[in-house]
Amino acid sequence: MGRQHVLESRDRLYEPVSRLMAREDWERLYADDIEAILRLKRERNAVILAHNYQTPEIFHCVADIRGDSLALARDAQNLDADIIVMAGVHFMAETAKLMNPDKTVLIPDDRAGCSLAESITAENVREMKRRYPGVPVVTYVNSTAEVKAETDVCCTSGNARRVVESLGVPRVIMIPDEFLAQNIENETGIEMLTWAGHCEVHERFTPQEIRQYRRIHPGVTVIAHPECPPEVVAEADYSGSTANMIDYVATHRPEKVLLVTECSMSDNLAALNPETEFVRPCNLCPHMKRITLAGIRRALENLETPVTIPSELQGRARMAVERMLAI
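Everything numeric in this text was worked out from a predicted model, so none of it was measured.

Participant: Help me understand the pairing of strand E7 (residues 171–175), please; the structure alone is not making it clear to me.
Facilitator: Sheet faces and side chains relate simply in a regular strand, where the side chains alternate between the two faces. Within E7, four of the five residues are buried, leaving the element largely enclosed by the surrounding structure. Two elements, strand E5 (residues 137–140) and E7, share three bridges in a ladder whose sense is parallel. The residue of E7 that forms the bridge with Val 137 is Ile 173. Read from E7 through helix H9 (residues 178–188) to strand E8 (residues 191–194), the crossover connection turns out right-handed.

Participant: For this particular structure, what's the right way to read the sheet that holds strand E11 (residues 256–260)?
Facilitator: Two strands in a sheet stick together by hydrogen bonds in their backbones, pointing the same way (parallel) or opposite ways (antiparallel). With parallel pairing, the four strands of this open sheet are ordered in space as E10-E9-E11-E12. The open sheet has two free edges, formed respectively by strand E10 (238–239) and strand E12 (277–279), since each of these has just one partner strand. Each of strand E9 (221–224), E10, E11 and E12 is contacted by helix H12 (residues 242–252), which is oriented at about 160° to E9, the strand it contacts most. Contacts from helix H13 (residues 264–272) reach E11 and E12, with the element oriented near 175° to E12.

Participant: I would appreciate a short explanation of the side chain of Thr 55 in the present structure.
Facilitator: By secondary structure assignment, the location of Thr 55 is in the loop between strand E1 (46–51) and helix H3 (56–59). For Thr 55, a relative accessible area of 17% corresponds to the buried category. At a separation of 2.9 Å, a polar atom in the side chain of Thr 55 contacts the side chain of Glu 57.

Participant: Hey, could you run me through the packing of aromatic side chains in this one?
Facilitator: Here a ring pair, both rings aromatic, is described through the centre-centre distance and the interplanar angle of the planes. Using the criterion set out here, one finds two aromatic pairs in the structure. A centroid spacing of 5.5 Å and a plane angle of 55° characterise the contact between Tyr 14 and Trp 26, whose relative ring orientation is tilted. Of the two residues, Tyr 14 is situated in helix H1 (residues 3–14) and Trp 26 in helix H2 (residues 23–44); the sequence distance between them amounts to 12 residues. For Tyr 14, a relative accessible area of 11% puts it in the buried group. The class of Trp 26 is buried, set by a relative accessible area of 0%. Plain terms: the ring middles of Tyr 238 and Tyr 248 are 4.6 Å apart, the flat faces sit at 25° to each other, and that makes the pair stacked. You can see Tyr 238 sitting in strand E10 and its partner Tyr 248 sitting in helix H12, a full 10 residues away along the chain. You can call Tyr 238 partly exposed: its relative accessible area is 27%. The ring of Phe 59 is capped by Arg 66, whose NZ or CZ atom sits 5.4 Å from the centre of that ring.

Participant: Could you clarify how one ought to interpret the environment of Asp 152 in this entry?
Facilitator: Relative to the assigned elements, Asp 152 resides in the loop between helix H7 (145–148) and strand E6 (153–155). Assessed through its relative accessible area of 34%, Asp 152 is described here as partly exposed. Remark: the alpha-carbon pair of Asp 152 and Arg 323, spanning 171 residues in sequence, is separated by 8.1 Å. Not counting residues within four places of it along the chain, the set of residues in contact with Asp 152 comprises Val 135, Pro 136, Val 137, Ala 320 and Arg 323. Polar contacts involving the side chain of Asp 152 include one to the main-chain amide nitrogen of Val 137, which spans 2.7 Å.

Participant: Can you walk me through helix H6 (residues 122–131) in this structure?
Facilitator: Since the α-helix advances by 3.6 residues per turn, residues separated by three or four positions end up pointing in the same direction. Among the residues of H6, Ala 122, Val 125 and Met 128 are the ones counted as buried. The arc enclosing the buried residues of H6, seen along the axis, measures out at 120°, which places them on a common side. Of the surrounding secondary structure, the elements contacted by the buried residues of H6 are E5, H7, E7 and E8.

Participant: Could you clarify how one ought to interpret the confidence of the model for the protein chain in this entry?
Facilitator: Interpretation of the predicted coordinates at a detailed level should be avoided for regions scoring low in pLDDT. Summary statistics for the protein chain give a mean pLDDT of 95 and a share of 98% for residues scoring 70 or more. Between residues 1–5, whose pLDDT stays under 50, and residues either more than four places distant or in other chains, the model counts one contact.

Participant: Is there a simple way to think about unusual backbone geometry in this case?
Facilitator: With glycine set apart, most residues show a phi of negative sign, and most peptide bonds adopt trans. Ile 175 connects to Pro 176 through a cis peptide bond whose omega is -10°. By secondary structure assignment, the location of Pro 176 is in the loop between E7 and H9. Cis peptide bonds are those with omega within 30 degrees of zero, and the linkage from Glu 304 to Thr 305 qualifies with -10°. Here the phi dihedral of Asn 45 falls at roughly 50°; this positive angle occurs in a residue that is not glycine. Residue placement: Asn 45 occurs in the loop between H2 and E1.

Basis of the calculations
- Residues numbered from 1 in each chain as written.
- Predicted model: local features only at pLDDT ≥ 70, side-chain atom pairs only at ≥ 80, totals over all residues.
- Heavy atoms only, no water.
- Buried < 20%, exposed > 50% of the residue type's maximum accessible area, 1.4 Å probe, protein only.
- Helix = DSSP H or I, 4+ residues; strand = E, 2+ residues; numbered from the N terminus.
- Pairing = 2+ DSSP bridges.
- Right-handed = clockwise from strand over helix to strand, strands pointing away.
- Contact = heavy atoms within 4.5 Å.
- Axes fitted to C-alpha atoms, helices over the stretch in contact; angles between N-to-C directions.
- Polar contact = N/O pair within 3.5 Å; in protein donor to acceptor, adjacent residues only side chain to side chain.
- Phe/Tyr/Trp six-rings, centres within 6.5 Å; stacked < 30°, edge-to-face > 60°.
- Lys NZ or Arg CZ within 6 Å of the ring centre and 35° of its normal.
- Arc of directions from axis to C-beta.
- pLDDT = per-residue confidence, 0-100.

Have a look at this one:
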């Protein structure tokens, strides 16, 4: 391969993040891993799924499918690949495995967990069902396969209201995110029986913080994730999943935006919307940030770490996800 061809190829790979980082930093820190990952994907017939909270060099430079939990769950159903690499946290890799039981699903760092998923067990769900017999259980996809297996239907932050309203009942057990459930109750008037699980990123935001940002940045549009406390959502101009945030900015084109969510969202959206100024409160998800280009490269080189789900859980957990996708 000639030097000029190599330079042209790197120009193309760098372009999506050119507004976010200097070329010399991209070359020094990321270029070699990016080229190796692209080569390995071809050799192994692999695809990379990346959540919206991934860093720009992953999100824009190596991911094949990008999105929120709902989009990744939908797109994981019929992938024409032998290997799926989940650039996200462990419950997302489990969901991909549920939808592709015969494919190899890799998580580049199996320590990439989730405070919500870790907040509840299958036995906790069974106890709630004993306490509230006959009440349907809606489980956020931010949960383990064993919890999904105890569930009537899953939901994401993007479709939670639609899922809950589809049940046609006055009361729902909605787990494990207490704040998401409270926000859906406020929207629908349907009583939510909740579990005290919280996202360690979104629970840190406060109404006082939002009001302070408004004072510092007059006219800023505030968009909050529904995993935030209800009093934070009440301070926002709009609340929605990460996919809804992307659509809102693209459609409304606000001059200045505050995204009340994990801070890599602002980086990724800034690359797509250069005309919008992003105010950047930075609450990082430590679990998402365990996923790196170097880790993705190792996963593809060594086929590590494969995700497995006990056979007795697979059918029931997959059914809860499929019911969600059918709504």
